[in-house]
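Structural overview
Each chain is listed here by its residues.
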Amino acid sequence: MGKIGLLLEGGGMKCAYGAGVLDKFNDDNVTFDYVIGVSAGSANGASYLAGQRGRNIRFYTELISDPDYMGIRCFLRNGEMFGIRYIYADLSNEGGKAPLDYEKVLENPAEYYVVATNAITGKPEYFTKTDMKKNDYRAIMCSSAIPAACRPVFFKNRYYFDGGVSDPLPVKKMLEDGCDRIVAILSKPRGYVKKPESFRTFYHLKLGKYPKMKEALDNRHILYTEEQKELYRLEEEGKAFIFAPSAQIKMGTFSTDSKTQEKLYQLGLDDYGELKEGLAAFMAAE
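Model, not experiment: these values are computed from the prediction.

**Section: the overall build of the chain**
Secondary structure summary: the chain contains 12 helices and eight strands in total. For 286 residues, the compact-globule formula gives about 19 Å, and the C-alpha radius of gyration of the chain, at 17 Å, lands near that figure. By principal-axis analysis of the C-alpha atoms, the chain measures approximately 50 × 40 × 35 Å. Per-residue burial over the chain gives 57% buried out of 286 residues. Taking the intrachain contacts of the chain between residues at least 6 apart in sequence as the baseline, contacts between residues at least 24 apart amount to 74%. The centroid of the 39 positive side-chain charges in the chain is displaced by 6 Å from the centroid of its 39 negative side-chain charges.

**Quick notes on empty space enclosed by the protein**
Considering all chains together, one arrives at two cavities of 30 Å³ or more under this definition. Its boundaries defined by the atoms lining it, the largest cavity holds a volume of some 180 Å³. Considering the residues around the largest cavity, the lining is formed by 19 residues, among which Ala43, Asn44, Phe59, Ile87 and Tyr88 are closest to the centre. Residue assignment for the lining of the largest cavity shows that the elements contributing at least two residues are helix 2 (40-50), helix 3 (55-60) and helix 5 (84-90). Top contributing element to the lining of the largest cavity by residue count: helix 2, with five residues. Taken together, the residues of the lining of the largest cavity break down into 13 nonpolar, five polar and one charged. A volume near 60 Å³ is recorded for the second largest cavity. If you trace the second largest cavity, you find it lined by Leu8, Glu9, Lys14, Cys15, Tyr17, Gly18, Leu22, Gly41, Asn44, Ile185, Leu186 and Ser187. Contributing elements (two or more residues each) for the lining of the second largest cavity: helix 1 (16-27) and helix 2.

**Examining the environment of Leu267**
Tracing the chain through its elements places Leu267 in helix 12 (residues 258-284). Separated by 22 residues in sequence, Leu267 and Pro245 place their C-alpha atoms 6.9 Å apart.

**Considering the pairing of strand 8 (residues 240-243)**
Of the two faces of strand 8, the one holding Ala240 and Ile242 and the one holding Phe241 and Phe243 are both buried throughout. Pairing of strand 7 (residues 179-185) with strand 8 involves four bridges; the strand directions are parallel. In the strand pairing of strand 8, Ile182 is matched with Ala240.

**Here's the deal with the nonpolar core**
It is characteristic of soluble globular proteins that their nonpolar side chains tend to be buried jointly. Leu6, Phe25, Phe32, Tyr69, Val183 and Phe243 are the most contacted members of the largest nonpolar core, which totals 77 residues. Sort the elements by how many residues they give to this core and helix 12 lands first, with eight residues. In this structure, Ile36, Leu169, Ile182 and Leu234 belong to the second largest nonpolar core, which totals 20 residues.

**Digging into the layout of surface pockets**
In this model, the second largest pocket occupies a volume close to 450 Å³. Contributing to the lining of the second largest pocket are 21 residues, with Gly122, Lys123, Pro124, Ser166 and Leu223 lying nearest its centre. Classifying every residue of the lining of the second largest pocket gives seven nonpolar, four polar and 10 charged.

**Focus on the pairing of strand 1 (residues 3-8)**
With six of six residues buried, strand 1 is to be regarded as a mostly interior element. With burial as the criterion, each face of strand 1 is covered, one bearing Lys3, Gly5 and Leu7 and the other bearing Ile4, Leu6 and Leu8. Both strand 1 and strand 7 contribute to a ladder of six bridges, which runs parallel. Bridge assignment links Gly5 to a residue of strand 7, and that residue is Ile182. Two elements, strand 1 and strand 2 (residues 34-38), share four bridges in a ladder whose sense is parallel.

**Remarks on a nonpolar patch on the surface**
A surface patch of nonpolar side chains, about 340 Å² in accessible area, is lined by Ile72, Phe75 and Leu76. With respect to the element layout, Ile72 can be found in helix 4 (residues 72-78).

About the thresholds
Residue positions within a chain follow its written sequence, with the count starting from 1. Reporting in this predicted model follows two pLDDT cut-offs: at least 70 for local features of residues, and 80 or more for side-chain atom pairs to be given and counted; totals over whole chains, interfaces and linings ignore these cut-offs and use all residues. The side-chain numbers reported here are obtained from all heavy atoms of the structure, hydrogens and water having been left aside. Only runs of H or I of at least four residues qualify as helices and only runs of E of at least two qualify as strands under DSSP, and these elements are numbered from the N terminus. Throughout, radius of gyration means the C-alpha value; the globule benchmark is 2.2 Å times the number of residues raised to the power 0.38. Only protein chains enter the calculation, and the probe is 1.4 Å; a residue is then buried if its accessible area is under 20% of its type maximum, exposed if over 50%, and partly exposed in between. Note on contacts: a residue pair is in contact if any heavy atoms of the two residues lie within 4.5 Å. Think of it this way: Lys and Arg go in the positive column, Asp and Glu in the negative one, and His and the chain ends go nowhere. Each charge is placed at NZ for Lys, CZ for Arg, CG for Asp and CD for Glu. The pocket and cavity definitions rest on a 1 Å grid over protein atoms only: a 1.4 Å probe that fits but cannot leave marks a cavity, an open set with protein on both sides within 12 Å along at least five of seven lines marks a pocket, and residues lining either have an atom within 4 Å of a point. Grid points are joined across faces, edges and corners, and a volume is the space filled by probe spheres set on the points. Under the grouping applied here, Gly and all other residues not named as nonpolar or charged are polar, the nonpolar ones being Ala, Val, Leu, Ile, Met, Phe, Trp, Tyr, Cys and Pro and the charged ones Asp, Glu, Lys and Arg. In this analysis, strands are considered paired if DSSP registers two or more bridges between them. Buried Ala, Val, Leu, Ile, Met, Phe, Trp, Tyr and Cys residues that are joined via side-chain atoms within 4.5 Å together make up what is termed a nonpolar core. Within this analysis, patches are made of residues with over 30% relative accessible area and no salt bridge. Like charges are joined at 9 Å or less; nonpolar side chains (Val, Leu, Ile, Met, Phe, Trp, Tyr) at 5 Å or less. All accessible areas in this document rest on Shrake-Rupley with a 1.4 Å probe, and a residue is counted as covered only by the protein chains that are shown. Salt bridge, as used here, is a side-chain nitrogen of Lys or Arg placed within 4 Å of a carboxyl oxygen of Asp or Glu.

Right, here's the structure in full:
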């Protein structure tokens, strides 16, 4: 039997959907040889690998009310619309409100990759669990640093931004790393069409020092569409199994409505129930 990989798409608060699916994976002991996460998907993946059921949903419902988490108050206090340093350090470190059990992540036999974008080259780079240490989750911060909304994260002598800019659906990486089959948890419904980035003038101004990032953002919708088509092609060939929200729940990347996030999480639980048998057959196939 070949290597089965799990792909976790980013999408900010929309990743509450994936938190629901992953909690059901933990409930039913659904495991993978390989896990790769992008942006908020990388953080969801860490909780899943640690077996910390219920940890992810706290970030989407309970903890978003913290003033350093997200929004105008966060910007006025920290200069960022999305408080990645607060979320992935203060909250996630030992002694925080939602500490990550890093030892369990290390003990999990699955390969674990986090996608980030090099701020100078605009190209993707991939960190592993060994690039992290307990109470040092800068790899996840790198993957989640939304350009213009967050400052770049300095890590391993380089600056990084959100991995979703350069490799939003890292199917090619998974195939190159030997995955024969892919299970993907998307944050957008089937039929989603990625449009050119909004606020182009704003991010061009904010990213003046990083011309390759501006170029990558300008072309992000093209890359996303290409990778999306490849994933669906693999699904048609029986090599991919996809979880995507089965209903439209209107919300944005920066939503702070905990009730909406709870609905999206519940949708993940419900969709898993509908697709559970199909997933089992896909995982068991020779």
